[in-house]
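Tertiary structure, described
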Amino acid sequence: MRPLTEEETKTLFQKLADYMGRSVERLINRSDERHCFRLIKDRVYYVSESVMKSSTSINKDNLLHCGTCLGKFTKSGKFRLHVTALDYLAQYSKYKVWLKPSAEMSFLYGNNVIKSGLARITESTPQYAGVVVYNSADIPLGFGVAAQTTEACKELDPTSNVVLHQADVGEFLRGLEEEMF
């Protein structure tokens, strides 16, 4: 377990800022306890400082996970968010999309959100912005990238993509946890 390098931190913050905007600062400077980011085997973990200090007594070969896994760095150096980061993305997300009940299962099976399944969308969502996807009961289901702006969504036909799927809570059920852990 080691701290992130300056380049890794910059890449992580840029990815988080796509979904959270300036709220990334709130992840580190929390009112209850300070938190930090640590790297274990190409995976980035969000850890409270007290847990991090306690974990230093564990041999690094025996330490599998510590804190919440936010994602991993690919071999090319890019950062890919995991669905385990959804709780933090949902708290501080800048742009949100709500689905109709008929479109929830399609999204949870890993499909993109089409206009006919869209219930609401945050005003002035730009194209290719990171969005958190909710059901009609305000439960976060996953996240993705806005394929269209809010204004463009009004003129789309019902089968056009509105949100490009990135991750969803159904990944646990589909058996994709081998990729996450």
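Refer to the structure printed above.
Here's what I pulled together on the structure shown here. Here the structure is a predicted model, which means the values were calculated and not measured.

Right, let's talk about the sheet that holds strand β8 (residues 118-121) for a bit. Spatially, β7-β11-β10-β9-β6-β8 is the arrangement adopted by the 6 strands of the open sheet, whose pairing is mixed. The open sheet has two free edges, formed respectively by β7 (113-114) and β8, since each of these has just one partner strand. Relative to strand β11 (residues 161-168), β7 runs antiparallel, the two sharing 2 bridges. Among the inter-strand pairings, I114 is bridged to a residue of β11, identified as N161. Running over the sheet, helix α5 (residues 101-108) touches β6 (96-99), β7, β9 (130-134), β10 (140-146) and β11 and is turned about 80 degrees from β10.

A word on the pattern of salt bridges. According to the stated counting rule, one finds 3 salt bridges in the structure shown. A salt bridge links R2 to E8, with the nearest nitrogen and oxygen atoms 2.9 Å apart. Look at R2 and you get partly exposed, because its relative accessible area is 33%. According to the relative accessible area criterion, E8 is buried, its value standing at 16%.

This part covers the environment of G117. You can see G117 is positioned in the loop between β7 and β8. G117 sits in the buried class, given a relative accessible area of 3%. Between the C-alpha atom of G117 and that of A129, which follows or precedes it by 12 residues, the distance is 19 Å.

With antiparallel pairing, 5 strands are arranged side by side in an open sheet as β1-β2-β3-β4-β5. Edge positions in the sheet fall to β1 (2-3) and β5 (79-81), since each of these pairs with one other strand and no more. Relative to strand β3 (residues 43-48), strand β2 (residues 35-40) is paired through 6 bridges, and the arrangement is antiparallel. Across the sheet, the residue bridging to C36 is V47, located in β3. Each of β1, β2, β3, β4 (68-73) and β5 is contacted by helix α1 (residues 6-20), which is oriented at about 40 degrees to β5, the strand it contacts most.

For the structure shown, the criterion picks out 6 aromatic pairs. Judged by centre distance (5.4 Å) and plane angle (80 degrees), the ring pair of Y19 and F143 falls under edge-to-face. With a gap of 124 residues between them, Y19 in helix α1 and F143 in strand β10 connect regions that are remote in the sequence. Across the pair, F143 and Y19 agree in class, each one buried. Here the aromatic cluster, defined as three or more aromatic residues joined through ring pairs, consists of F13, F37, Y46 and Y88.

All right, on to α5 then. Among all positions in α5, only A103, E104, F107 and L108 are buried. The arc enclosing the buried residues of α5, seen along the axis, measures out at 135 degrees, which places them on a common side. Summarising the contacts, the buried residues of α5 are in contact with β6, β7, β9, β10 and β11. Looking one or two places after α5, you find G110, whose phi comes out positive at around 100 degrees.

Thresholds applied
- Counting from 1, residues in each chain are numbered in the order their sequence is written.
- Given that this is a predicted model, residues contribute local features only at a pLDDT of at least 70 and side-chain atom pairs are listed and counted only at 80 or more, while totals for whole chains, interfaces and linings are drawn from all residues.
- The side-chain quantities take in all heavy atoms of the structure and omit both hydrogens and water.
- Following DSSP output, two strands are said to pair if at least two bridges run between them.
- Only DSSP runs of H or I with at least four residues qualify as helices, and only runs of E with at least two residues qualify as strands; both kinds are numbered from the N terminus onward.
- The contact rule is simple, with two residues in contact once any of their heavy atoms fall within 4.5 Å.
- Lines fitted to C-alpha atoms define the axes, with helix axes restricted to the stretch in contact, and inter-axis angles between N-to-C directions lie between 0 and 180 degrees.
- We count a salt bridge whenever a side-chain nitrogen from Lys or Arg sits within 4 Å of a carboxyl oxygen from Asp or Glu.
- Using a 1.4 Å probe on the protein chains alone, a residue whose accessible area is under 20% of its type maximum counts as buried, one over 50% counts as exposed, and one in between counts as partly exposed.
- Pairing of aromatic rings covers Phe, Tyr and Trp, the last through its six-membered ring, and needs centres within 6.5 Å; plane angles under 30 degrees mean stacked, over 60 mean edge-to-face, and all others mean tilted.
- The directions from the helix axis to the C-beta atoms form the arc being described.

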